[in-house]
Amino acid sequence: IAQSEIYQLKNSLSLSEYLTSNWNLIDVFSIASLVLGLSWDLAATVIYFTGSTPALWVIFPTKLFYAFLYLLMGLKVFYFLRGFDRTSAFISMITSIILDMGNFAVIMITGLFSFSFA
């Protein structure tokens, strides 16, 4: 994935043009979360093999980065399903529904937090 993203970045006119596509953002964030997750996992392994137990601050971010990676890779499946005739209409519909729910989600989360702290 990283090689194809570097190729796309080189062929685009600018960085802002490359980052206007939501699918490119998903790819960039998935690569970044993979690198961060592997780095934290390596740190936990080094701490474990030095004879001490890894602390929660080492284990938790690893699982968080991997969970974010799995979510982004699941979204990447939507990108590939757009190419098929039978699924492209459904993927377009799901994408538009999710984008339309953005404003409602902000209002809902704001109301939820305001009532929970009241």
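Residues numbered from 1 in each chain as written. Predicted model: local features only at pLDDT ≥ 70, side-chain atom pairs only at ≥ 80, totals over all residues. Heavy atoms only, no water.

Caption draft 1: Region of interest: the overall build of the chain. Helix and strand content of the chain: 5 helices and 0 strands. Seen in sequence order, the chain has helices and strands lined up from the N terminus as α-α-α-α-α. In terms of overall dimensions, the chain is more spread out than a globule: its C-alpha atoms have a radius of gyration of 19 Å, far above the 13 Å expected for 118 residues. Taking the principal axes of the C-alpha coordinates as reference, the chain spans close to 55 × 50 × 30 Å. Relative to its 118 residues, the chain shows a buried fraction of 17%. Within the chain, residue pairs in contact and separated by at least 24 positions form 48% of the contacts whose partners lie at least 6 positions apart. For the chain, the exposed area adds up to about 9200 Å²; of that, 74% sits on carbon and sulfur atoms. (Helix = DSSP H or I, 4+ residues; strand = E, 2+ residues; numbered from the N terminus. Rg over C-alpha atoms; globule rule 2.2 N^0.38 Å. Buried < 20%, exposed > 50% of the residue type's maximum accessible area, 1.4 Å probe, protein only. Contact = heavy atoms within 4.5 Å. Areas by Shrake-Rupley, 256 points an atom, 1.4 Å probe, with all protein chains shown as cover.)

Caption draft 2: Highlighting helix α3 (residues 22-49). In a regular helix each residue adds 1.5 Å, so 28 residues correspond to 40 Å; α3 covers 40 Å between its end C-alpha atoms and thus fits that length. Among all positions in α3, only Trp 23, Asn 24, Ile 26, Asp 27, Ser 30, Ser 33, Gly 37 and Ala 44 are buried. One or two residues past the end of α3 sits Gly 51, with phi positive at roughly 110°. (Expected span 1.5 Å × (residues − 1).)

Caption draft 3: Highlighting the environment of Ser 12. Looking at the secondary structure, you find Ser 12 in the loop between α1 (2-11) and α2 (15-18). Given the relative accessible area of 16%, Ser 12 is considered buried. Setting aside anything within four residues of it in sequence, one finds Ser 12 in contact with Glu 17 and Tyr 18.

Caption draft 4: Expanded view of a nonpolar patch on the surface. A cluster of nonpolar side chains, contributed by Leu 9, Leu 15, Leu 19, Val 28, Phe 29, Phe 68 and Leu 71, occupies part of the molecular surface with about 600 Å² of accessible area. Of all the secondary-structure elements, those providing two or more residues to the nonpolar patch are α3 and α4 (56-81). Here Leu 9 shows up in helix α1. Residue class for Leu 9 comes out partly exposed when judged on its relative accessible area of 37%. (Patch = residues over 30% accessible without salt bridge, like charges linked within 9 Å, V, L, I, M, F, W, Y side chains within 5 Å. Salt bridge = Lys/Arg side-chain N within 4 Å of Asp/Glu carboxyl O.)

Caption draft 5: View of the confidence of the model for the chain. Here the chain averages 81 in pLDDT, while 93% of its residues score no lower than 70. Model confidence for the chain, summarised as mean pLDDT per element, is weakest for α1 at 76 and strongest for helix α5 (residues 85-116) at 89. (pLDDT = per-residue confidence, 0-100.)

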